[in-house]
Amino acid sequence: MIRRAGVRADPNRDQHFLVDDRVVDRIPEYGTEMDFSHVLEIGGGPGVLTDRLLAVADRVTVIERDPKFADFLRREFADDCEDGRLTVAEGDALSVELPDFTACVANLPYGISSEITFRLLPLGNPMLLMFQREFAERMAGEAGTDDYGRLSVTAQHYADIEVVEIVPREAFSPAPEVSSAIVRTTPRTPDYEVDNEAFFLDFVKAVFTQRRKTIRNAIRNTVHISGLDDADAVVDALETPDPDVLGEDILRKRAGNVTPAQFAAMAGVADEYGRGGG
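Predicted, not measured: the structure shown is a model, and the values here were computed from it.

Parameters and conventions
For every chain, the first residue of the written sequence is number 1, and numbering continues from 1 onward in sequence order. The model is predicted, so local features are restricted to residues of pLDDT at least 70 and side-chain atom pairs to those at 80 or more, both for listing and for counting; the totals for chains, interfaces and linings are taken over all residues. To get the side-chain values, take all heavy atoms of the structure and skip hydrogens and water. The helix count covers DSSP runs of H or I at least four residues long, the strand count covers runs of E at least two residues long, and both are numbered beginning at the N terminus. Using a 1.4 Å probe on the protein chains alone, a residue whose accessible area is under 20% of its type maximum counts as buried, one over 50% counts as exposed, and one in between counts as partly exposed. Whether two residues are in contact is decided by their heavy atoms, any of which lying within 4.5 Å being enough. Each accessible area is a Shrake-Rupley estimate made with a 1.4 Å probe; only the visible protein chains count as cover when residues are assessed. When DSSP locates at least two bridges between a pair of strands, those strands are taken to pair. Helix axes are fitted to C-alpha atoms over the stretch in contact, other axes to C-alpha atoms as well, and angles between N-to-C directions run from 0 to 180 degrees. Aromatic rings from Phe, Tyr and Trp, taking only the six-membered ring of Trp, are treated as a pair when their centres fall within 6.5 Å; an angle between ring planes under 30 degrees marks them as stacked, one over 60 as edge-to-face, and anything in between as tilted. Of the grid points, spaced at 1 Å and generated over the protein atoms alone, those admitting a 1.4 Å probe that cannot get out make up cavities, while open sets with protein on both sides within 12 Å along at least five of seven lines make up pockets; any residue with an atom within 4 Å of a point is treated as lining. Grid points are joined across faces, edges and corners, and a volume is the space filled by probe spheres set on the points. Side-chain classes follow a simple rule in which Ala, Val, Leu, Ile, Met, Phe, Trp, Tyr, Cys and Pro form the nonpolar group, Asp, Glu, Lys and Arg form the charged group, and the remainder, Gly included, forms the polar group. UniProt positions are given in the numbering used here, feature names are shortened, and annotations may be inferred rather than shown by experiment. As used here, the term nonpolar core means buried Ala, Val, Leu, Ile, Met, Phe, Trp, Tyr and Cys residues forming a set that is joined through side-chain atoms within 4.5 Å.

Quick notes on the overall build of the protein
From N to C terminus, the protein includes 13 helices and nine strands. Its C-alpha atoms give the protein principal-axis dimensions of roughly 65 × 35 × 30 Å. Of all 278 residues assigned to the protein, the portion counted as buried reaches 49%. In the protein, the share of contacts with a sequence separation of at least 24, taken over all contacts with a separation of at least 6, comes to 62%. As displayed, the protein offers around 13,500 Å² of accessible surface, 41% of which is attributable to carbon and sulfur atoms.

Following this line, the structure appears as structure tokens:
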């Protein structure tokens with residue numbers, strides 16, 4: 001299929017073709033519990049994964065930015081396009097209108113991994129996505145580990161994140177500089193409550209910008225990011241928190257040791273006491 005497309009992957013344009021058939025064959029298998037009635041693929045390229053998705057899905061929509069690949073996909077899968085089983089939407093996945101899909105399966109362009117992931121996660125659909133290995137492991141990171149950070153808290157706010165396979169560099173042509181990983185996301189409602197999601201995410205972002213500082217100092221030093229009006233009032237309120245949620249030592253912790261539920265509880269306090277409330 002790559003030869004028929006007559007186009008070489010351009011690493012300068014973030015193009016790395018997955019050429020190991022064993023890996024391509026396994027990707028849909030990780031989604032056996034997903035609803036494949038309408039699968040969204042981001043970046044179809046020469047259609048290697050598209051071909052596998054058409055074998056298991058009722059309908060596939062591919063968003064492809066490169067006009068040459070978009071045209072090739074329409075020609076290569078002309079019968080599926082005619083039957084309405086395949087739609088090729090030419091455009092930037094960060095800005096085009098997304099269809100009502102039931103699952104997303106994609107070998108993402110790594111340069112837009114974060115942006116497209118956080119466009120998709122809030123939609124609440126299960127996904128199988130290929131990332132750089134480091135990015136994938138940070139998404140799935142647990143509190144207290146080196147991989148845990150803002151990315152972990154934010155991604156896990158929307159879904160359970162699981163790294164299901166590490167993919168070596170040699171599975172791609174041309175080979176990228178780092179290994180990759182397949183991530184499965186399963187939408188869920190978090191086991192904590194957030195009244196103001198936008199503020200919660202800003203609060204997490206702010207605190208992690210000073211992850212080497214204690215929570216007390218991080219809150220005080222990042223009001224320009226969190227949007228707090230009175231950081232001291234937040235710190236004072238957190239000094240006598242609900243011990244079942246935050247614990248007495250929360251202000252002495254660093255961001256990497258604070259669980260998502262604790263971040264949610266702190267954000268609730270911060271929203272109440274530090275932004276004109278309390």
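Next, the rest of the story.
Regarding the sheet that holds strand β2 (residues 39-42)
An order of β4-β3-β2-β5-β6-β9-β7 is seen for the seven strands of this open sheet, with the pairing classed as mixed. Pairing within the sheet leaves two strands with one partner each, and these edge strands are β4 (86-90) and β7 (159-167). The mean angle between the axes of side-by-side strands here comes to 25°, regardless of whether they run parallel or antiparallel. Note: strand β5 (residues 103-107) against strand β6 (residues 127-132), four bridges, orientation parallel. Along β6, the bridge assignment pairs asparagine 107 with methionine 130. Lying on the sheet, helix α4 (residues 67-76) is in contact with β3 (60-64) and β4; it crosses β4 at an angle near 165°.

Examining the packing of aromatic side chains
Following the criterion strictly, the structure yields six aromatic pairs and no others. Taking the centre distance of 5.6 Å and the plane angle of 80° together, the rings of phenylalanine 17 and phenylalanine 69 count as edge-to-face. Of this pair, phenylalanine 17 sits in strand β1 (residues 17-18) while phenylalanine 69 is found in helix α4, placing the two residues 52 residues apart along the sequence. Like phenylalanine 69, phenylalanine 17 is buried.

Quick look at the layout of surface pockets
In this model, the second largest pocket occupies a volume close to 180 Å³. What lines the second largest pocket is Ser114, Phe118, Phe135, Arg138, Arg150, Leu151, Thr154, Leu201, Asp202 and Lys205. Among the secondary structure elements, those contributing two or more residues to the lining of the second largest pocket are α6 (113-120), α7 (133-139), α8 (150-158) and α9 (197-208). Split into classes, the residues belonging to the lining of the second largest pocket amount to four nonpolar, two polar and four charged.

Notes on unusual backbone geometry
Of note, the amide linkage connecting serine 173 to proline 174 takes the cis form, showing an omega dihedral of -10°. Here proline 174 lies in the loop between β8 (172-173) and β9 (180-187).

Observations concerning the UniProt feature "domain: Ribosomal RNA adenine methylase transferase N-terminal" (unreviewed entry) in the protein
UniProt feature "domain: Ribosomal RNA adenine methylase transferase N-terminal" (unreviewed entry): in the numbering of this structure it lies at residues 23-189. Within the segment residues 23-189, helix and strand shares are 34% and 26% respectively, and the terminal C-alpha atoms sit 31 Å apart.

A short note on the side chain of histidine 38
Looking at the secondary structure, you find histidine 38 in the loop between α2 (21-29) and β2. The residues contacting histidine 38, other than those within four sequence positions of it, are Arg59, Val60, Thr61, Pro99, Asp100, Phe101, Thr102 and Ala103.

Details of empty space enclosed by the protein
What the rule picks out here adds up to one cavity of 30 Å³ or more. As for the largest cavity, its lining consists of Ile27, Leu49, Val105, Ala106, Asn107, Leu128, Leu129, Met130 and Ile182. Among the residues forming the lining of the largest cavity, the class breakdown is eight nonpolar, one polar and no charged.

Considering the nonpolar core
Cys104, Phe200, Phe203, Ile219 and Phe263 are the most contacted members of the largest nonpolar core, which has 56 residues in total. Sorting elements by how many residues they give to this core places α9 first, with seven residues. Apart from the residues within four sequence positions on either side, phenylalanine 203 is in contact with Ile219, Ser226, Phe263, Met266, Ala267 and Ala270. Of all hydrophobic cores here, the second largest spans 29 residues; its members include Leu49, Leu54, Ala70 and Phe172.

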